[in-house]
Amino acid sequence: MLESRKQVILFFFFTIGIIYLSRLFYIQIVDPKYRSIEATNAIKRQIEVPLRGQIYDRNHKLLVQNREVYNMYVTPREVTKLDTNMFCKVFRISRGYFDSTMHEAIDYSRNRASLFLRQLSKEEFARVADVMVNFKGFSFEQSFFRTYPAHTLANALGYIGEIPKKQYDNQEQMYYRKGDYIGLSGIEREYEEELRGIRGVKFTLMDVHGADKGSYEHGNFDTTAVVGQDLYSSIDIQLQQLADSLFQNKVGAVVAIEPKTGEILAMGSYPTYDPNLLSGKAFSKNYLELVKDPDKPTFNRAISSFYRPGSTFKLIQALIGQQQGVINLHTSFIGAYSPMGCHGHGMHHMANLNNAVQFSCNPYFYNVFKKIIENTSERNPFIGAREGLTRWHDMVEKFGFGTKLGIDLPGEKSQLLPNLSLYDKYYGEDRWKFSNIYSLSIGEGELGLDVLKLANMAASIANKGYWITPHLIRGVGEDRKNMKSERVEVHQTGVNPQYFENIYDGMQKVIEAGTARQAYIPDIAILGKTGTSQNKRGRDHAIFVAFAPRENPKIAIAAVVENAGFGGSSSGPIASLMIEKYLKGKIERRALAERMMNTSYKTVAAQKAAAK
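This structure is a prediction, so every number in the text was calculated from the model and none was measured.

(A) Looking closely at the nonpolar core. Counting residues in hydrophobic clusters, the biggest one holds 125 residues, and the most contacted among them are Met267, Trp392, Ile461 and Met578. Among the elements that line this core, the one with the most residues is helix α19 (residues 451-462), at nine residues. Leave out the neighbours within four places in its chain, and Met267 touches Leu153, Ala156, Ile235, Gln240, Val254, Val255, Asn300, Ala302, Ile303, Ile407, Leu409 and Leu452.

Below, the structure written as structure tokens:
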């Protein structure tokens, strides 16, 4: 029995051996393809990198385009009889650069191509093409770098650069090679897969001397590179450039949204920089200088900054108070207690909701928030405050506060919307009540958001109760219909549309006869709200939110100017000029525009210079 089993096992291994030897004989002797490979000794595999997709604004003007260049690669194993001095002279590089770069290539792989020189222009390529026969092992690959004809929108567009080592090492599929460009920030990063296209591969037969013997198998195994998909953004480039000019010598941000679609019309973070600085050979030098700039131009304040909303948040308190039934349009708090003072107006402005909105009445909204928090059957003020805050938190969150809105950009922050755990951590469980948190009533205290969320709040009010995920890209590719569903999701606030209408008169009076009269435009009904965001490190930040026109709103906007004090005289006029430009196509209030362009507020760099 044992002997029989032994024979079966031997027969099995003998059969496998025969099959293996037969296949080897066929490959090496019979198959003409492999005999060809043996005779020629090598097949060269060349990657064809496609052009990256371009990016357009909403009127089909180019925001990002490509400029053709050539990259040189080296395969160390193929480098023979090289006159190094001649090579360095032809390519105008130092011997030190040659030695260090060649050493890196050898460490990477002797048999695989490594990037040696980047971004030779067409003229430089033409100058050296004829002498390449003397430099075996070196080859050129057509490539590109990005240019930005509009010279704006740097933080939103982002930039491309050499793939980081960690990202290269962690690839699930080895798509990228060492030295390849990849989107590193902004839209370039968010839409990397759409923009990069599909690479092609070309196989070429090479003889033992490294000479090109033509296409392998008549190109049957070659694949053609497919150009990356173009992106069609919602940005209005003229509106964006106006924002840039108005924010000269200022720190802050502005975001404008089309309320009914969630499309972003303009997004500026200031101070800004020309995106062309982070393109081309000077990338490393320019990037280092921008990162060292004390005013942080590479930091996108529009989606990552932390500001207290100040009095603009009173609009949310008014809406939630109405929805909970603790106030109505005619609710008065004349004679009610408040530890907060008025902004110079009399207590008679506590007579009704629209008066309170128009004059941004602190005592009124202190009492509104008190009613919201204490709107419970629980008599214990500590337990009642927990119930009231939970209900308030859940309603505020539906406006997008304390969460990521889902914009199609990396780097968005959730910011801060206080909850039970936060105050339990500060004070201890059941040891805090309304008197500990009343600063939230006027948008101060433990509350923080960015300019995108402020603009989204304005869009929610313009839409009377809903908002659409803000997004910069409205179409991808030729059909422009490849948008992912989450980019255009509708979010309901849960507040009755009538309650939004109830604060419209007050918001319009803010512009016409309230705290933002400098934002007034005679023939456009703008509804807005000013705010002052407390700042421990200097003068307060100026905030303004608005939408226009009142009927069928076309634009919702938020602007923050740091260290500017009051929104009515700084961020308000900036936002209204942008509204005027977008709705009329021109600026008629030229004097105001010139004044805002020439108004400066101290940046960090200016403060440091003044201190010396």
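That covers the picture; the talk isn't over yet.
(B) Region of interest: the pattern of salt bridges. Taken as a whole and judged by the stated rule, the model has 30 salt bridges. The residue Asp99 makes a salt bridge to Arg95 at a minimum N-O spacing of 3.1 Å. In this pair, Asp99 and Arg95 are both assigned in helix α4 (residues 95-108), four residues apart and thus about one turn of the helix distant. Between Arg550 and Glu501 there is a salt bridge, with its nearest N and O atoms 3.2 Å apart. One end of the pair, Arg550, is in the loop between β17 (541-548) and β18 (555-561); the other, Glu501, is in helix α20 (residues 497-513), with 49 residues separating them in the sequence. Judged by relative accessible area, Arg550 falls into the buried class, the value being 17%.

(C) How the structure looks around the pairing of strand β3 (residues 62-74). In this structure, strand β2 (residues 55-56) lies alongside β3, joined through two bridges in antiparallel fashion. Counted as the bridge partner of Tyr56 is Leu62 from β3. The hairpin formed by β2 and β3 contains five residues between the paired strands, and His60 there has a positive phi angle of roughly 65°. Note: β3 against strand β5 (residues 138-147), 10 bridges, orientation antiparallel. The partner of Tyr70 across the bridge, within β5, is Gln142.

(D) Molecular detail of the sheet that holds strand β16 (residues 527-533). Strands sit in the order β12-β11-β18-β17-β16 across an open sheet of five strands; the sheet is antiparallel. Whereas interior strands pair on both sides, the edge strands pair on one side only; in this sheet they are β12 (263-270) and β16. Sheet twist, expressed as the mean angle between neighbouring strand axes with direction ignored, is 5°. Relative to β12, strand β11 (residues 252-258) runs antiparallel, the two being bridged by seven bridges. Directly across from Val255, in β12, lies its bridge partner Met267. Strand contacts of helix α10 (residues 237-246): β11, β12 and β18, with the helix running at about 25° to β12, the strand carrying the most contacts.

(E) Here's a closer look at the packing of aromatic side chains. Considering all chains together, one arrives at 34 aromatic pairs under this definition. For the pair Phe399 and Phe500, a centre-to-centre distance of 6.5 Å together with 45° between the ring planes defines the contact as tilted. Taken together, the residues Phe399 in the loop between α16 (381-397) and α17 (420-427) and Phe500 in helix α20 connect sequence positions 101 residues apart. Across this residue pair, the class does not change: Phe399 and Phe500 are buried. Here the aromatic rings of Tyr504 and Phe547 are separated by 5.4 Å at their centres, their planes lie at 55°, and the arrangement is tilted. Here the residue Tyr504 occupies a position in helix α20, and Phe547 occupies one in strand β17, the gap between them amounting to 43 residues. Exposure remark for Phe547: the relative accessible area of 1% places this residue in the buried category. Here the aromatic residues Tyr70, Phe87, Phe91, Tyr97, Phe98, Phe116, Phe125, Phe135, Phe138 and Phe140 are joined through ring pairs into a cluster of three or more. Directly above the aromatic system of Tyr175 lies the positively charged group of Arg196, at a separation of 4.0 Å from the ring centroid.

(F) Examining the environment of Leu592 more closely. Within the secondary structure layout, Leu592 lies in helix α22 (residues 590-598). It is 8.8 Å that separates the C-alpha atoms of Leu592 and Gln518, two residues lying 74 residues apart in sequence. If we skip the residues at most four places from it in the chain, Leu592 touches Gln518, Pro573, Ser576 and Leu577.

(G) Region of interest: the pairing of β12. For β12, the tally of buried residues reaches eight of eight residues, placing the bulk of the element in the interior. What sits between β11 and β12 in their antiparallel hairpin is a turn of four residues, with Gly262 showing a positive phi close to 80°.

(H) Looking closely at the packing of helix α13 (residues 314-324) against α16. Put simply, α13 and α16 touch, their axes get as near as 11 Å, and they point 120° apart. Accordingly, the angle class assigned to the pair α13 and α16 is oblique. For α13 against α16, the interelement crossing comes out right-handed. Here Ile316, Gln317, Ile320, Gln323 and Gln324 of α13 come into contact with α16, specifically with Arg391, Trp392, Met395 and Val396. Of the residues in the contact of α13 with α16, the class split is five nonpolar, three polar and one charged.

(I) Representation of α19. Here α19 is 12 residues long and its end C-alpha atoms lie 17 Å apart, about the 16 Å a rise of 1.5 Å per residue gives. Along α19, 12 of the 12 residues are buried, which leaves the element largely enclosed by surrounding structure. Within α19 the residues assigned to the buried category are Val451, Leu452, Lys453, Leu454, Ala455, Asn456, Met457, Ala458, Ala459, Ser460, Ile461 and Ala462. For α19, the side-chain oxygen to backbone nitrogen distance between the N-cap and Leu452 is 3.3 Å, and the N-cap itself is Asp450.

(J) Expanded view of the environment of Ala351. On the secondary structure map, Ala351 appears in the loop between α13 and α14 (353-358). Sequence spacing of Ala351 and Ser332 is 19 residues, and the spatial spacing of their C-alpha atoms is 4.5 Å. Among all residues touching Ala351, those that are not within four sequence positions of it are His330, Thr331, Ser332 and Ile334.

(K) Seen up close, the packing of helix α21 (residues 571-584) against α22. Direction vectors running N to C along α21 and α22 enclose 130°, while the axes themselves pass 10 Å from each other. Between α21 and α22, the angle falls in the class oblique. Here α21 and α22 pass one another in a crossing that is left-handed. For the pair α21 and α22, the contacting residues are Pro573, Ile574, Ser576 and Leu577 in the first and Leu592, Ala593 and Met596 in the second. Taken together, the residues that form the contact of α21 with α22 break down as six nonpolar, one polar and no charged.

Rules used in this analysis
Think of each chain on its own: its residues are numbered from 1, step by step along the sequence as written. It should be noted that, the model being predicted, local features are given only for residues of pLDDT at least 70 and side-chain atom pairs only at 80 or more, the latter also being counted only at that level, while totals for whole chains, interfaces and linings use all residues. Side-chain measures were taken over the full set of non-hydrogen atoms in the model, leaving aside hydrogen atoms and water. In this text, buried Ala, Val, Leu, Ile, Met, Phe, Trp, Tyr and Cys residues form a nonpolar core when linked through side-chain atoms within 4.5 Å. Throughout, exposure labels follow a simple rule: accessible area from a 1.4 Å probe, protein chains only, divided by the maximum for the residue type, with under 20% read as buried, over 50% as exposed, and the rest as partly exposed. Numbering of helices and strands starts at the N terminus; helices are DSSP runs of H or I of at least 4 residues and strands are runs of E of at least 2. A contact between two residues is defined here by any heavy atoms of the two lying within 4.5 Å. Salt bridge, as used here, is a side-chain nitrogen of Lys or Arg placed within 4 Å of a carboxyl oxygen of Asp or Glu. The pairing criterion for strands is at least two bridges between them, as found by DSSP. Simply put, an axis is a line fit to the C-alpha atoms, just over the touching stretch for a helix, and the angle between two N-to-C directions goes from 0 to 180 degrees. Under the pairing criterion, centres of Phe, Tyr and Trp rings, with the six-membered ring standing for Trp, must be within 6.5 Å; the plane angle then separates stacked pairs below 30 degrees from edge-to-face pairs above 60, leaving the rest tilted. Whether a charge sits over a ring depends on NZ of Lys or CZ of Arg being within 6 Å of the ring centre and within 35 degrees of the ring normal. Note that the term roughly parallel is reserved for angles under 35 degrees, roughly antiparallel for angles over 145, roughly perpendicular for angles of 65 to 115, and oblique for everything else. Handedness of each helix crossing follows the sense of rotation of the near helix against the far helix: counterclockwise by less than a right angle gives left-handed, clockwise gives right-handed. In the scheme used here, Gly and all other residues not listed as nonpolar or charged are polar, with Ala, Val, Leu, Ile, Met, Phe, Trp, Tyr, Cys and Pro taken as nonpolar and Asp, Glu, Lys and Arg as charged. By this rule, a helix spans an expected 1.5 Å times one less than how many residues it contains. Definition of a polar contact: a pair of N or O atoms within 3.5 Å, with one able to donate and the other able to accept a hydrogen when the atoms are protein atoms, and with sequence-neighbouring residues admitted only if both atoms are side-chain atoms.

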